[in-house]
Amino acid sequence: MQVATGTKIVNGIAIGKLHIYKAPVYEISEAQAEDPIQELNRFEQARVKVQEQQHALYEKALKTAGEESAGIFEAHELMLDDDDLIDGCKAIMTEQKKGAEYAVREGFDNVAQMFSEMDDPYFQARSADIIDLKNAMLDVLMGNDTDSLQGTEPSILVAEDFTPSETVKLDKSLMLGMITREGSSNSHTAILARSMNLPTLIQCKDISDDWEGKFAILDGYNSCLYIEPTPDLIETLTNKHNEDLKKEALLQELKGKSNTTIDGRTIRVYANIGGPSDIGAVQANDAEGVGLFRSEFVYLNSKEDPSEEEQFQAYKRVVETLAPKLVVIRTCDIGADKTIDYMNLDKEENPALGYRAIRICLTRKDFFKRQLRALLRASAYGNLGIMFPMIISLREVRECKEILAECRRELANEGVKVADKIEVGIMVETPAAVLCADELAQEVDFFSLGTNDLTQYTCALDRQNAKLEPFSDTHHPAVLRAIQMTIEAGHRHGIWVGICGELGADQTLTETFLRMGVDELSVNAKSVLPLRKIIRSIDLSK
Ligand code: PEP
Ligand code: MG
């Protein structure tokens, strides 16, 4: 038996085979090719193969995702017939005498660059398609087997780290647990892992590639991974796993009960979601509403800038299905670790402090208005709230509200129905917002504390940097004080204050938050019932 240790992100036990996930690396020779004709033939064979793959994806998407999504793959097939693209690559092989891989990288990158510089957002978005096709061509030319990246049977998946977009694309049905060699506990990948509720370890550095396919047990309780465990250990951990399943069943008995302390204080426990696919988890865990819908996942899941109509459909589905529950949708919080090719954002020295979230929205007004119009339209179908992220000033909030009012006027002129009253709030996730909370509270209907970023900015600790884990203190007094100050400021001005960062699910702080007077906790769906159990056991009169 071998053992590797890491840091637990999600508790629990996963039993099964280990699968090492390796994103392909493209190392491309710049040397001259010996036989240009052979390179041209290799290129042509790859082109035909990729067209076949795209056609198969089209057929599959047609059955599972509908005509509109499938259309992307049909367009990809056609792009590979485009004379400019193909002739550009062929010229690199015949005139510069370079290999097919080099020609694909340069030829496809040139066209992608050309698209990205166009004014029309539709053509800008084609740039991401060309990059996708470039990678598909390189995978075929270099023999990368991308189908097996995740394996074919459910396994404990191991990777260096996952980007948020990789995480959303993972096939959950093939995952028993998740382990990364790198990663930090407050990263979006960790947040997604929590929402999937799969046993997860990060910083498990000692995992060897030779362990691929071996039988393993991920033991979240002890933050370790056992490879080929002894029969005794298999029996102990299987029993523990079965106990977990029983406890989960007991929690189900709390469904329908209120989140009320012994002395009669009731608070709201909501769920955090990333899109319509999480509606089931909200219902299954009996959350009273959604306190944070991270709308950027609608953007991350899309190959191109989602249109107003596409966004409207996604928001409407959530709001309508969950009505009359409140669904707070946060406007696009892109940037920092959440990057999207079609947004064409520059690389920055300090992305967490950079051009992100509301800063992008306020400078790309058309982009922002598309989302606000979609949100306003969806508001007619249920109880929708709107929340702005990364706010640091009163000026920003006023500007957001003005643009929202402008969208409302436009829709009224177009005769489109919008809810009369929509709660508008802000994330309090910067020290600036905490310190200006008294002024900000007079502009909005609610505050939601984003403790992930608030901790990062208050303690000057990059949440993405795994090396900083030893310095991180999730219960840092400065953060707890900032939370208390925000709740008090909100209450002074008669608005409700919630917590939607990961700290909201920290059961060791539930009583503290209740004593501070928090009105709402919005947590990953799986934490709703365990929190209900804790809240119902607290007596604030003591
Ligand atoms: C936060 O910062 O606490 C938060 C909820 O937002 P995100 O984690 O998406 O940045
Ligand atoms: Mg945040």
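Refer to the structure above for everything that follows.
Summary of the structure given here. (Residues numbered from 1 in each chain as written. Chains lettered and ligands numbered in written order. Predicted model: local features only at pLDDT ≥ 70, side-chain atom pairs only at ≥ 80, totals over all residues. Heavy atoms only, no water.)

Things to note about a negative patch on the surface
Inference 1: On the surface, D82, D83, D84 and D87 cluster together to form a negatively charged patch.
Inference 2: Relative to the helices and strands, D84 resides in helix α3 (residues 83-94).
Inference 3: The class of D84 is exposed, set by a relative accessible area of 63%. (Patch = residues over 30% accessible without salt bridge, like charges linked within 9 Å, V, L, I, M, F, W, Y side chains within 5 Å. Areas by Shrake-Rupley, 256 points an atom, 1.4 Å probe, with all protein chains shown as cover. Salt bridge = Lys/Arg side-chain N within 4 Å of Asp/Glu carboxyl O. Lys, Arg positive; Asp, Glu negative; His and termini not counted. Charge placed at Lys NZ, Arg CZ, Asp CG, Glu CD. Helix = DSSP H or I, 4+ residues; strand = E, 2+ residues; numbered from the N terminus. Buried < 20%, exposed > 50% of the residue type's maximum accessible area, 1.4 Å probe, protein only.)

Comments concerning the packing of helix α13 (residues 365-379) against helix α14 (residues 394-413)
Inference 1: One can describe the packing of α13 onto α14 by two numbers: an axis separation of 9 Å at closest approach and a directional angle of 60 degrees. In terms of orientation, α13 lies oblique with respect to α14. For the crossing formed where α13 meets α14, the hand is right-handed. Contact residues: α13 offers K365, F368, K369, L372, R373, L376 and R377, while α14 offers C400, I403, L404, E406, C407, R408, E410 and L411.
Inference 2: For the contact of α13 with α14, the class distribution of residues is 8 nonpolar, no polar and 7 charged. (Axes fitted to C-alpha atoms, helices over the stretch in contact; angles between N-to-C directions. Parallel < 35°, antiparallel > 145°, perpendicular 65-115°, else oblique. Left-handed = near helix turned anticlockwise from the far one by under 90°. Contact = heavy atoms within 4.5 Å. Nonpolar A, V, L, I, M, F, W, Y, C, P; charged D, E, K, R; others polar.)

Notes on the coordination of the magnesium ion (ligand 2)
Inference 1: On the protein side, the magnesium ion (ligand 2) has E429 (OE) and D453 (OD) as donor atoms, found 2.0 to 2.1 Å from it. Separated by 24 residues along the polypeptide, E429 in the loop between β13 (423-428) and α15 (431-435) and D453 in helix α17 (residues 451-458) bring together distant segments of the chain.
Inference 2: The exposure class of E429 is buried, given its relative accessible area of 2%. (Donors = N, O, S within 2.8 Å, 3.2 Å for Na, K, Ca; no water.)

A few points about the side chain of S379
Inference 1: Within the secondary structure, S379 is located in helix α13.
Inference 2: A polar atom in the side chain of S379 sits 3.0 Å from the backbone nitrogen of A419.
Inference 3: Those residues in contact with S379 that sit more than four places away from it in its chain are L384, V418, A419 and I422. (Polar contact = N/O pair within 3.5 Å; in protein donor to acceptor, adjacent residues only side chain to side chain.)

Considerations on the site of ligand 1
Inference 1: Ligand 1 sits among 16 residues. The nearest are R294, R330, G450, N452 and R463.
Inference 2: Interatomic distance of 2.8 Å between a side-chain N/O atom of R330 and an oxygen atom of ligand 1.
Inference 3: In the environment of ligand 1, an oxygen atom lies 2.8 Å from a nitrogen or oxygen atom belonging to the side chain of R463.
Inference 4: Protein chains bury 100% of the 290 Å² of accessible surface belonging to ligand 1 in isolation.
Inference 5: Counting atoms within 2 Å of the grid points, the majority share of ligand 1 lands in the largest cavity.
Inference 6: The residue inventory of the shell around ligand 1, partitioned by class, reads 4 nonpolar, 5 polar and 7 charged. (Near = heavy atom within 4 Å. 1 Å grid on protein atoms, 1.4 Å probe; cavity = no way out; pocket = protein on both sides within 12 Å on 5 of 7 lines; lining within 4 Å. Sits in = over half its atoms within 2 Å of the grid points.)

Focus on the sheet that holds strand β3 (residues 13-20)
Inference 1: Taken together, 8 strands build an open sheet; the order of strands is β1-β8-β7-β3-β4-β5-β6-β2 and the sheet is mixed. Edge positions in the open sheet fall to β1 (2-5) and β2 (7-10), since each of these has one partner strand only. The mean inter-strand angle of the sheet, taken between neighbouring strand axes irrespective of direction, is 30 degrees.
Inference 2: When strand β4 (residues 155-159) meets strand β5 (residues 175-180), the two strands line up parallel, connected through 5 bridges. If you follow V158 over to β5, its bridge partner there is I179.
Inference 3: Along the sheet, helix α8 (residues 231-251) contacts β3, β7 (215-219) and β8 (224-227); its crossing angle with β3, the most-contacted strand, is approximately 115 degrees. (Pairing = 2+ DSSP bridges.)

Let's talk about the layout of surface pockets
Inference 1: If you add up the space inside the second largest pocket, you get close to 1,600 Å³.
Inference 2: Around the second largest pocket, the lining is made up of 50 residues, and of these I9, V10, N11, N197 and S527 lie nearest the centre.
Inference 3: Mapped by element, the contributors of at least two residues to the lining of the second largest pocket are β2, α7 (188-196), α8, α17 and α20 (528-537).
Inference 4: By residue class, the composition of the lining of the second largest pocket is 18 nonpolar, 19 polar and 13 charged.
Inference 5: Built from parts of two domains, the lining of the second largest pocket gets at least three residues from each of domain 1 (2-23 + 149-248) and domain 3 (266-536). (Points joined across faces, edges and corners; volume = space filled by probe spheres on them. Domains from an automatic or database assignment.)

Examining the packing of aromatic side chains
Inference 1: Summed over all chains, the structure comprises 5 aromatic pairs.
Inference 2: Judged by centre distance (5.9 Å) and plane angle (80 degrees), the rings of F293 and Y315 are edge-to-face. Of this pair, F293 sits in strand β10 (residues 290-294) while Y315 is found in helix α11 (residues 308-322), placing the two residues 22 residues apart along the sequence.
Inference 3: On the basis of relative accessibility, which here comes to 0%, the residue Y315 falls in the buried class.
Inference 4: Seen from the ring of Y102, K98 lies directly overhead, with NZ or CZ sitting 4.9 Å from the centre.
Inference 5: Sitting above the plane of the W496 ring, R268 keeps its charged end 4.4 Å from the centroid. (Phe/Tyr/Trp six-rings, centres within 6.5 Å; stacked < 30°, edge-to-face > 60°. Lys NZ or Arg CZ within 6 Å of the ring centre and 35° of its normal.)

Notes on the sheet that holds strand β9 (residues 268-273)
Inference 1: The strand order around the closed barrel built from 8 strands is β9-β10-β11-β12-β13-β14-β15-β16, with neighbouring strands paired in parallel fashion. Geometrically, the sheet is characterised by an average inter-axis angle of 30 degrees between neighbouring strands, direction not taken into account.
Inference 2: Taken together, the 5 bridges between β9 and strand β16 (residues 520-524) define a ladder with parallel strand orientation. Paired with Y270 across the two strands is S522, which belongs to β16.
Inference 3: Relative to the sheet, α11 contacts β9, β10, β11 (326-330) and β12 (383-388), its axis offset from that of β11 by approximately 160 degrees.

These figures come from the coordinates and say nothing about function on their own.
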